[in-house]
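Take a look at the letters that make up each chain.
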Amino acid sequence: TTTSTEYLEAKNKGATSNTTADISMDSWFRQVAGTLKFAHESSPSKQRHWSDDILEILPVTMLNWVGSEEREQHEKDAANGVNLKSYMEKGAITNWQLNTNELSFSHNGLAYTIEILAKGDHENDGNEDLLVTESYHYEGGSGRGYNLHIISKTIGNTVRQKSFY
């Protein structure tokens, strides 16, 4: 039996997930251990500044990319305020399904689900930050991946995404 602490220690020492079963278990541990770590490192927020459309306004840097040109385009678009909803409105994102704490969509052959896991002041600035999980899989394939991100707002209300553990 592996605890979340043992799991984190193994990952920090370079342990990897290579099989589909291992990758699926990795996603479970990331969600559980990541949420516990976020909660431990956060304090109650003094100011809530998120509107109900937070998942729609996440930066396009949340999307995977193939090749440096696509990565650079996502970074440029995000710097110019382009978000996931903008991509959906342009037709670059399809199958858009938005619920209270979850957004699902397709982009370039990948099916994504982004879910809010926790809220709190992680950046120690008094403002509410979000911990979100991003899961994706290839439509018609078996490749998949899972990421955790901290979402915060900078001065000027720009939404910022930072990978978390």
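Nothing here was measured: the structure is a model prediction, and the numbers come from that model.

Draft legend 1. View of the pattern of salt bridges. Using the criterion set out here, one finds 4 salt bridges in the structure. Close ionic contact of lysine 37 with glutamate 41 constitutes a salt bridge, the shortest N to O distance being 4.0 Å. One end of the pair is lysine 37 and the other is glutamate 41, both in helix H2 (residues 20–41) and 4 residues apart, which spans about a single turn. On the basis of relative accessible area, lysine 37 is assigned to the partly exposed category, the value being 32%. Its relative accessible area of 33% is what places glutamate 41 among the partly exposed residues. Of the charged contacts, one joins glutamate 75 and arginine 71 as a salt bridge, the two residues approaching to 3.2 Å between their closest N and O atoms. Placement of the pair is glutamate 75 and arginine 71 together in helix H3 (residues 68–79), with a separation of 4 residues, close to one helical turn. Taking the relative accessible area as the measure of exposure, glutamate 75 reaches 39% and is therefore partly exposed.

Draft legend 2. Structural view of the sheet that holds strand E6 (residues 159–163). Overall, antiparallel pairing links the 6 strands, which are arranged E1-E2-E3-E4-E5-E6 in an open sheet. Each of the sheet's edge strands pairs with one partner strand only, and the pair in question is strand E1 (94–98) and E6. Averaged over all pairs of adjacent strands, the angle between their axes in this sheet comes to 25°, without regard to strand direction. Where strand E3 (residues 110–120) meets strand E4 (residues 129–138), 10 bridges bridge the pair, whose relative direction is antiparallel. Each residue of the ladder has a partner; that of isoleucine 114, found in E4, is glutamate 134.

Draft legend 3. How the structure looks around H2. Here H2 spans 31 Å end to end across 22 residues, near enough to the 32 Å set by a 1.5 Å rise per residue. Restricting attention to buried positions, one finds in H2 the residues Asp26, Ser27, Phe29, Arg30, Ala33, Gly34 and Phe38.

Draft legend 4. The pairing of strand E2 (residues 102–107), seen in detail. For E2, the tally of buried residues reaches 5 of 6 residues, placing the bulk of the element in the interior. Of the strand pairs in this sheet, E1 and E2 are connected by 3 bridges, and their pairing is antiparallel. Bridging from a neighbouring strand, threonine 94 pairs with serine 106 of E2. Where E1 folds back on E2, the antiparallel hairpin that results is connected by 3 residues. Across 6 bridges, the pairing between E2 and E3 is antiparallel. From the neighbouring strand, leucine 103 faces E3, where its bridge partner is isoleucine 114.

Scoring rules and cut-offs
Residues numbered from 1 in each chain as written. Predicted model: local features only at pLDDT ≥ 70, side-chain atom pairs only at ≥ 80, totals over all residues. Heavy atoms only, no water. Salt bridge = Lys/Arg side-chain N within 4 Å of Asp/Glu carboxyl O. Helix = DSSP H or I, 4+ residues; strand = E, 2+ residues; numbered from the N terminus. Buried < 20%, exposed > 50% of the residue type's maximum accessible area, 1.4 Å probe, protein only. Pairing = 2+ DSSP bridges. Axes fitted to C-alpha atoms, helices over the stretch in contact; angles between N-to-C directions. Expected span 1.5 Å × (residues − 1).

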